[in-house]
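Working through the structure, step by step
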Amino acid sequence: MIDFELPAEYETFRKTARDFARKEVAPLVDEAEDKQEFPRPLLRRMGELGLLCLTIPEEYGGPGGDIFTQCIFTEELGYVSLGMAIGTMVHAAYAATLLLECGSEEQKRRYLPPACQGAEAWAFAATEAEAGSDRSRIQTTVRDAGGHYVMNGTKTFITNSTIADYLIVEGYTDKSKGMDGLSLFIVPRDTPGLRVRKLSKAGIRCSEIAELTFDDCVLAKDSQLGVPGEAFDKVRRIRTASWLLVGARAIGVSRAAYDAALEHAKTRVQFGRPIGHYQANSFKLAEMAMNIDAARLLMLRAAALHHQGRECFQEASMLKLFASEMAVRVTNDALQMHGAHGYMMDSPVQRYFRDARMLTISEGSSEIQHINLARGLGLKADDYY
Ligand SMILES: Cc1cc2nc3c(=O)[nH]c(=O)nc-3n(C[C@H](O)[C@H](O)[C@H](O)COP(=O)(O)OP(=O)(O)OC[C@H]3O[C@@H](n4cnc5c(N)ncnc54)[C@H](O)[C@@H]3O)c2cc1C
C-alpha cells in the first residue's frame with residue numbers, strides 16, 4: 001500500500017516550522033522588503049532553534065535532519081516570504097551542502113558548526129554576466145602562484161553576498177580542460193581586492209543580491225574546496241537537490257496566494273454575491289488547489305528518491321519546472337481575483353506575484369528544464385546543464 005502522507009513526526013516538525021515562520025519571520029517581512037535587507041540575526045535565531053542547515057549531520061554541528069524536514073521548513077518559510085526562504089536556503093542548502101560534500105575533514109570542522117549556528121553566513125557564486133545557463137562561459141580564473149592562489153573575475157546576481165562572511169566561488173583553474181577545469185574556492189568576503197556592489201530587483205526584495213569583482217584576490221592554499229576540476233559535477237549534483245527546495249518554495253508561496261484568494265472569494269461581494277460563487281473564480285480556485293497538490297506529489301516523489309540515495313535528476317527537474325511555472329500561474333490568478341485590492345503595495349498578493357516570478361528564471365530556467373526532460377526522453381538535446 002502506498003502512503004501519501006509523511007509519518008507523524010514530520011507533521012509535528014511542520015507545526016514547529018510553521019509556528020516559527022508565522023511568529024518570528026512574518027513580522028519582519030514588510031520592513032525587510034522596504035529596506036531590501038535580509039535580517040541577518042534571523043540566521044542566528046534559526047541556528048539556536050536547530051532549524052538551520054537541517055541536513056547537516058550532528059557531528060558537524062547540524063541538526064541531522066533529512067531532505068523531508070528541509071522541504072517542510074523551506075515550504076513554511078516560503079509561505080511567509082519567498083525572499084527569506086531563498087536567502088536561508090542559499091546559505092543552508094547550497095553552501096553548507098557543498099562544504100559537506102566537497103570539504104576536507106578540516107574544512108568541515110572549521111566551517112560547518114558556525115554555519116549551522118548562523119554565526120557565519122555563506123553565499124555561492126557561479127553566475128557571471130556572460131555565463132548564466134551556460135557555465136562553460138565562466139571567465140573567472142584562479143592561478144596557482146606557489147604558496148597561494150590568485151583569483152580574478154566578476155560574478156553577478158549572487159544572493160547573500162552582501163551579508164555573507166564567506167563565499168564559495170566557481171572559477172577556472174585550467175581552462176584547457178573545458179568544464180573539467182572548473183574548481184571551487186572558499187573566499188572570505190573581506191579579502192582585499194574583492195568589491196561588492198548591491199543590485200536592486202523586482203521581487204524577493206528582502207533577499208540581497210550583488211555583483212562581485214575579484215581583482216588579484218590572494219587566497220590561502222587551503223581555500224580550495226574539493227578536488228580540482230570536480231566543481232562542475234559537484235555543483236550539478238547539489239543543484240539537482242536544490243530543485244526539491246525550489247519546489248518547496250513554489251508550493252509555499254502558491255499556498256499563501258491560494259489561501260488569500262479563497263478568503264477573498266468568500267468575502268468580496270459584487271453583484272449581490274461573493275465573487276467565489278461565479279464559476280470563473282471557483283474554477284480558478286479548483287485549478288489552484290489541484291496544481292498545488294500535484295506539485296506536492298512531485299516533490300514527495302523526488303524527495304523519496306533523494307532520501308534513498310537514488311538518482312532523481314529527471315524527477316527533480318520535472319518538479320522544478322512544474323512547481324515554478326505553477327507558482328507564477330497561481331500567484332497571477334490570485335492577484336487577478338483580488339482586483340485592484342491585490343495590486344496595491346500594502347497587499348501581500350502583489351508581492352507573491354513579484355516574488356514567484358523569479359522561480360522560473362534561476363537555478364536552471366524553465367527552458368533549461370525542458371532540455372533536461374527532453375534528453376531524459378531519449379531525444380537529442382544539447383548537453384547544456
Ligand atoms: C533572484 C536571483 C538570485 C540568484 N542567485 C544566484 C546565486 O546566489 N548564485 C549564482 O551563481 N547565481 C544566482 N542567480 C543567477 C541564476 O542562476 C541565473 O539567472 C540563471 O542561471 C540563468 O542565467 P541568466 O539569467 O543569465 O539567463 P540566460 O542563461 O542568459 O538565459 C536567458 C533566457 O534564454 C533562455 N535560454 C538560455 N539557454 C537556452 C537554450 N539552450 N535553449 C533555450 N532557451 C535558452 C533562458 O531560459 C532564459 O529564458 C540568481 C538569479 C536570480 C534572478
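The structure displayed is predicted, hence computed values, not measured ones.

The subject of this paragraph is the domain arrangement of the protein. What the domain assignment lists for the protein is domain 1 (8-120), domain 2 (123-228) and domain 3 (232-376). Taken over C-alpha atoms, the centre of domain 1 sits 23 Å from the centre of domain 2. Each partner contributes to the interface: domain 1 provides 26 residues, whereas domain 2 provides 23 residues. When the buried surface of domain 1 facing domain 2 is broken down by residue, Q36, F38 and Q107 rank first, second and third, together holding 27% of it. Where domain 1 meets domain 2, there are one salt bridge. We note a salt bridge from R40 to D165, for which the minimum N-O separation is 3.5 Å. Of all the elements in the fold, those that place two or more residues in the side of domain 1 that touches domain 2 are α1 (8-35), α4 (82-102) and α5 (105-117). Ranked by residue count, the leading element in the side of domain 1 that touches domain 2 is α4, at twelve residues.

This part is about the pattern of salt bridges. By the definition in use, this model includes 25 salt bridges. As a salt-bridge pair, K177 and D174 come within 3.8 Å of each other at their nearest N and O atoms. When its relative accessible area of 52% is taken as the criterion, K177 is described as exposed. Salt-bridge contacts for K198 lead to E208; the nearest nitrogen and oxygen are separated by 3.5 Å. You can see K198 sitting in strand β6 (residues 194-199) and its partner E208 sitting in the loop between β6 and β7 (209-220), a full ten residues away along the chain. Shared partners join several salt bridges into a network, and the residues in it are E11, R14, R18, E75, E76, R255 and R296.

Scoring rules and cut-offs
Residues numbered from 1 in each chain as written. Predicted model: local features only at pLDDT ≥ 70, side-chain atom pairs only at ≥ 80, totals over all residues. Heavy atoms only, no water. Domains from an automatic or database assignment. Contact = heavy atoms within 4.5 Å. Buried area = accessible area lost by both parts, 1.4 Å probe. Salt bridge = Lys/Arg side-chain N within 4 Å of Asp/Glu carboxyl O. Helix = DSSP H or I, 4+ residues; strand = E, 2+ residues; numbered from the N terminus. Buried < 20%, exposed > 50% of the residue type's maximum accessible area, 1.4 Å probe, protein only.

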